[in-house]
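Structure at a glance
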Amino acid sequence: MNVSTEIDKIKRSLMENGYKLTTQREIIVRVLLENEKDHLSAEDVYMLVKEKFPEIGLATVYRTLELLAELQIVAKMNFGDGVARFDLRGEDHEHMHHHLICQKCGALEEIKEDWLTELEERLEKEFGFRVLDHRLDFIGNYKECDNGVCKRTGKAVS
C-alpha cells in the first residue's frame, strides 16, 4: 500500500463531500494508514498524532475520526472491549473486511476475502433485500490460547 496514493484518494473523497484535507486531518489519516492492522482507538490515534503534531487536541482527533466514519472512509467498530476502534475501509473490497477476535488474549486478525457473496445473492433473490454492506466478527479462542500460551504475547494466559 502506498500511503501517498491512499491519502490522495481520501483527499478526493473529502473534497467530493465539501471538506478539505487539513494538516491535522492528513496527519490523522497518515497515522491510521501507517497502523492499519492495529485497529486504533481515538486515544491511540491521539497519542501517535501528538508525537508528530504536538499542538493537536484530543477533540480534533475525535471530530476528524467521526467525520471519516460518517463519510465511510473508516469504520467505527467495537470488538467487545467497550472501546470504539477505527478501521480503514479499503476500496479494493466492496464490503468491510471480517475479523477473528480471540476472547482469551484479545488478538485480532483480519479476513480480507468476502465470504458472504452467495448469501447476499440469496437474500436478494428470496427476500428482495439488497445488502449494501456487512461486517462479520468471529469471536472465539485460538488453540494456543486454550492451551495456556497467549498467541499475541507468547506468554501464558492467567
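Provided above is the structure to which this section pertains.
Described below are features of the structure shown in this document. Note that the structure is predicted; figures quoted are calculated from it, not measured. (Residues numbered from 1 in each chain as written. Predicted model: local features only at pLDDT ≥ 70, side-chain atom pairs only at ≥ 80, totals over all residues. Heavy atoms only, no water.)

Turning next to helix H2 (residues 23-34). With 12 residues, H2 should cover 16 Å at 1.5 Å per step; its first-to-last C-alpha distance of 16 Å lies within 8% of that length. Buried within H2 we find Arg25, Ile27, Ile28, Val29, Val31, Leu32 and Leu33. Looking at the buried positions of H2, the neighbouring elements they touch are helix H1 (3-16), strand E1 (40-41), helix H3 (42-52), helix H4 (58-70), strand E2 (74-78) and strand E3 (84-88). (Helix = DSSP H or I, 4+ residues; strand = E, 2+ residues; numbered from the N terminus. Expected span 1.5 Å × (residues − 1). Buried < 20%, exposed > 50% of the residue type's maximum accessible area, 1.4 Å probe, protein only. Contact = heavy atoms within 4.5 Å.)

It is worth spelling out the sheet that holds strand E5 (residues 108-111) at this point. Read across the sheet, 3 strands follow the order E5-E4-E6 without closing on themselves; strand pairing throughout is mixed. Edge positions in the sheet fall to E5 and strand E6 (137-140), since each of these pairs with one other strand and no more. The sheet shows a mean angle of 20° between the axes of neighbouring strands, direction not considered. Where strand E4 (residues 98-102) lies against E5, 4 bridges are found, and the strand directions are antiparallel. Paired with His98 across the bridge in E5 is Ile111. (Pairing = 2+ DSSP bridges. Axes fitted to C-alpha atoms, helices over the stretch in contact; angles between N-to-C directions.)

A word on unusual backbone geometry. Note: most residues except glycine have negative phi, and most peptide bonds are trans. Even without being glycine, His39 reaches a positive phi, approximately 50°. Checked against the element boundaries, His39 lands in the loop between H2 and E1. Overall, the relative accessible area of 2% leaves His39 in the buried class. For Gln72, which is not a glycine, the phi torsion comes out positive at approximately 60°. Relative to the helices and strands, Gln72 resides in the loop between H4 and E2. A relative accessible area of 57% places Gln72 in the exposed class.

We now examine the side chain of Asp87. Note on placement: Asp87 falls in strand E3. Its relative accessible area of 0% is what places Asp87 among the buried residues. Of note is the side chain of Asp87, whose polar atom sits 3.1 Å from the side chain of His39. (Polar contact = N/O pair within 3.5 Å; in protein donor to acceptor, adjacent residues only side chain to side chain.)

Counting across every chain of the model gives 6 salt bridges. A salt bridge links Arg85 to Asp44; the shortest N-O distance between them is 3.8 Å. In this pair, Arg85 sits in strand E3 while Asp44 sits in helix H3, placing the two residues 41 residues apart along the sequence. Arg122 is the salt-bridge partner of Glu126, the closest N and O atoms lying 2.7 Å from each other. One end of the pair is Glu126 and the other is Arg122, both in helix H5 (residues 117-127) and 4 residues apart, which spans about a single turn. The class of Glu126 is partly exposed, set by a relative accessible area of 48%. Take Arg122: its relative accessible area is 51%, and that puts it in the exposed class. (Salt bridge = Lys/Arg side-chain N within 4 Å of Asp/Glu carboxyl O.)

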